[in-house]
Every structure is written in C-alpha cells, then in structure tokens.
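Here is what each chain is made of, one letter per residue.
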Amino acid sequence: MVGVAVIGAGYWGPNLVRNIQATPQFHLKTLCDLDVDRAKAVLGRYSTVNASSSLAETLADPEIEAVAIATPAATHLEVALAALEAGKHVLVEKPLASSYEDGYKLVTAADERGLTLMLDHTFCYTPVVQRLRRLVQEGDLGDIQYLDSVRINLGIVQPDIDVLWDLAPHDLSILDSILPEGVTPVAVAAHGSDPHQLGRACVAYLSVQLSNGAIAHAHVNWLSPTKIRTMIVGGSRRTAVWNDLDPTQPLAVYDRGVNWSDDPVQRRVSYRIGDMVAPALPTGEALRAVMAEFASAIVSRRAPLTDGRSGLRVLAQLEAASASLAAGGTFVPVNGGSV
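Heads up: these notes are all about the structure in this document. (Residues numbered from 1 in each chain as written. Predicted model: local features only at pLDDT ≥ 70, side-chain atom pairs only at ≥ 80, totals over all residues. Heavy atoms only, no water.)

Turning to the nonpolar core, a few remarks are in order. Val67, Val90, Leu96, Leu164, Leu206, Val233 and Trp242 are the most contacted members of the largest nonpolar core, which has 72 residues in total. For this core, the element with the highest residue contribution is helix H7 (residues 163-178), accounting for 9 residues. The contact partners of Val90, leaving out residues within four places of it in the chain, are Val67, Ile69, Ala80, Ala83, Leu84, Thr116, Leu117, Met118 and Phe294. Core analysis: the second largest hydrophobic core is formed by 27 residues, Val2, Ala70, Met118 and Cys124 among them. (Core = buried A, V, L, I, M, F, W, Y, C linked by side-chain atoms within 4.5 Å. Buried < 20%, exposed > 50% of the residue type's maximum accessible area, 1.4 Å probe, protein only. Helix = DSSP H or I, 4+ residues; strand = E, 2+ residues; numbered from the N terminus. Contact = heavy atoms within 4.5 Å.)

All right, on to the sheet that holds strand S5 (residues 89-93) then. Within a sheet, neighbouring strands are paired by backbone hydrogen bonds and run either parallel or antiparallel to one another. Spatially, S3-S2-S1-S4-S5-S6 is the arrangement adopted by the 6 strands of the open sheet, whose pairing is parallel. Edge strands, defined here as strands with exactly one partner in the open sheet, are strand S3 (50-52) and strand S6 (117-120). Put simply, the sheet's adjacent strands are angled 25 degrees from each other on average, direction ignored. Pairing of strand S2 (residues 26-32) with S3, which is carried by 3 bridges, proceeds in the parallel orientation. Bridged to Cys32 within S3 is Ser52. On the sheet, helix H2 (residues 36-43) packs against S2 and S3 and is oriented at approximately 155 degrees with respect to S3. (Pairing = 2+ DSSP bridges. Axes fitted to C-alpha atoms, helices over the stretch in contact; angles between N-to-C directions.)

To continue, consider the pattern of salt bridges. Considering all chains together, one arrives at 12 salt bridges under this definition. Here Asp166 makes a salt bridge to Lys94, at a shortest N to O gap of 3.6 Å. Pair noted here: Asp166 is in helix H7 and Lys94 is in the loop between S5 and helix H5 (100-113), with a separation of 72 residues, a long-range link. Taking the shortest distance from any N to any O, the salt bridge between Arg302 and Glu293 comes out at 3.0 Å. Judged by relative accessible area, Arg302 falls into the partly exposed class, the value being 32%. Salt bridges linked by common partners bring Arg18, Glu285 and Arg288 together as one network. (Salt bridge = Lys/Arg side-chain N within 4 Å of Asp/Glu carboxyl O.)

Moving on, we come to the side chain of Thr23. Relative to the helices and strands, Thr23 is located in the loop between helix H1 (13-21) and S2. On the basis of relative accessibility, which here comes to 4%, the residue Thr23 falls in the buried class. Not counting the four nearest positions on each side in its chain, Thr23 is found in contact with Arg288 and Met291.

With that out of the way, let us pick up the side chain of Asp162. Along the chain, the position of Asp162 falls in the loop between strand S7 (144-154) and H7. This buried residue, Asp162, is left without a salt bridge; Arg200 holds the nearest opposite charge, at 8.0 Å. A distance of 3.1 Å separates the side chain of Asp162 from the backbone nitrogen of Leu164, its partner in a polar contact. Look past the residues within four positions of Asp162 in its chain and what remains in contact with it is Arg200, Ala201, Trp222 and Leu325. (Lys, Arg positive; Asp, Glu negative; His and termini not counted. Polar contact = N/O pair within 3.5 Å; in protein donor to acceptor, adjacent residues only side chain to side chain.)

A few words on H7. With 16 residues, H7 extends 23 Å between its outermost C-alpha atoms, agreeing within 8% with the 22 Å of an ideal straight helix rising 1.5 Å per residue. Of all the bends in H7, the greatest, near 40 degrees, is centred on Pro169. The buried fraction of H7 is high, at 15 of 16 residues. For H7, the N-terminal cap is Asp162; the gap from its side-chain oxygen to the backbone nitrogen of Leu164 is 3.1 Å. (Expected span 1.5 Å × (residues − 1). Bend = angle between axes of the 7 residues up to and from the residue.)

Time to look at the pairing of S2. Summarising burial for S2: 5 of the 7 residues are buried, a large majority. Relative to S2, strand S1 (residues 2-7) is paired through 6 bridges, and the arrangement is parallel. Across the sheet, the residue bridging to Gly3 is His27, located in S2. In this region the chain leaves S1, passes through H1 and returns to the parallel neighbour S2; the handedness of that crossover is right-handed. Handedness of the crossover joining S2 and S3 through H2: right-handed. (Right-handed = clockwise from strand over helix to strand, strands pointing away.)

Bringing unusual backbone geometry into the picture now. Each neighbour pair has its own omega, and for Lys94 with Pro95 the value is -10 degrees, a cis peptide bond. With respect to the helices and strands, the residue Pro95 is situated in the loop between S5 and H5. One non-glycine residue, Gln197, adopts positive backbone phi at about 55 degrees. Position of Gln197 relative to the elements: it lies in the loop between strand S8 (185-193) and strand S9 (203-210). Positive phi outside glycine occurs at Arg301, with the angle close to 55 degrees. Assignment of secondary structure puts Arg301 in the loop between helix H8 (286-300) and helix H9 (308-326).

Rendered as structure tokens:
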C-alpha cells in the first residue's frame, strides 16, 4: 500500500480524504492543514489518521510516498514543489499553478525525479467523458466540427481569480481529454464582464480555435440563478449531447445532421434525420476513479491520463484567455512550445 497525505482540509480536502480511504492501494497517513482543529474535525474523533499543521513534518515522514494537494491555486507551486523535492508523488487540484511558467517548473521537477505528477481534472474520469473520448477518438462522431459548453450557476465568487480560471479549467481539461490525436488548440479569444465591479470577470465567453479548423466555445458564469451544465460535441457523422444534470440519460448520441452534395458548381444541402441513442453508462464516483488512476500510475510507473503536461496545456489556454480578455477579445495564440 502507498502511504498518502492530504494537504488542505478546506472545501475539497474532505472529498480527497474520503476517496483515498476507499482506495485499496492507498493508506491515508496524515491530513495536513494550517488549522489543525479543522483537520481533526474532518477526520472525526475516532480516526487513527494523523492530523498535522506542519507541511515540513508531513513531507519528512518516510512512510508517506504521495500527497494530494487541495490548497488555494496561488500556493500550488510552493506546496507541490516542496513535495516533489521531498521525493513524493503529487496529485494537485486544478489549475496546476498560477501561471504556465510555474506549472512548467513542477513538470520539470517531477520529470527529473521520476515522480508522478497528476492533475485532479475530475470530470475527465466521469463515465460520460470516458465514453465521449471513445466516441471521438474511435471516429464514431466523424471529424469534429464544433464543441459548445455551458457551465453556469449561482456559484462562489472567488477572491483571487476570475470566473475563467475558476470554471473554464473543467471544460478545457475535458476538451484536452477527448480531442483526437493531431487536433490541438491554436488560439483563444475571451470576452467577459464584471457587473458588480469586483475587479475580475464574473461572466465570460471563451472561444478556442482548433488546428483542424473547428471551434470550441464555453460559457462560464458565477451569477446565473439557474444551474446548467451541458456540452455538445458536433461531428461530421453524429453529434453527442451531454447534460450533466440529467441522472437518467446524461448522454445522447444523435445520427442527425447536414449533408452536402458533391456538385462543385452548386453544392446542395440535405438534412439527415436518424436515430438517437442513449448509451448505457456505468455508475460510480469520478473522484474514486481519479484515485485509482493515481495509484495505478505510481505503481506501474506510467504517466496518468491527466498528467502534468495536460495541466500545462490547460494553463496555456487560460493564459491566452486572460491576454485576450485584456486586449478586448482578440484571438491570442496558445503557447504550446514547452508542453
């Protein structure tokens, strides 16, 4: 069994604690938080897991081989780099770091030491996204023509980041996960608004140009009274529609679309009206699958599905989005040279 520590007992830390304890390959040794009483409250009165307020002591424990980090994004570089330098495998919450440059430091540190660096891009481990990945990469949808995502709700307005850095990593990580080989983001445009004068965008629209000529679009919003989480992946053969709030039929695949004639002089359009199929999907908590992947990557010494480089690719798009937002919404090239 791999000894694990969780760093951070706030909003997400208790979920990590619960799922690590339910993973047979892991043994939770320590929950570390600056507020040790909060850590003890998360563990419960009768837990044998150690509660600590000292990161240095936690990382010095030779029985701890891996850490899961659930601290604010601004601390990811410091905490994750300290863990890697202590020889620990690292699972870190999104985003990987506060900048591409900082994220690259973490990826380099993990590579130099032969350690696993993994992002907790939880949505990538849901049964729906795993099926979407197969549909796209095995060609069932045909060539990808567009992707449209909506992620809005009356959410927590973050004190240190805008809505793009808070919510868009989910959509960008899903995009990174499902795109077929050879298709990559090349440029990003972002538009946002700050209706309450908070100094950061609370509503934003993100457009991503893909290398095959297709476009991906995401709407993220902290201010909507209605919660909507949908994604449409349109292909030349079929279209997949994901409604994350539908517990009975979250994914539907439509054999419907537009056909064009081959006449080079006057191309004519016709409409294809075929069947809709709702694939049967397994049940299970996505975070449990995250932990299983983390454990498997450590034991087998392989790169996990959402490794540090996937986190870098997301950071590159987020930085391009921020630059676009500052420039009034123009398309900004995605930095991919170091990924």
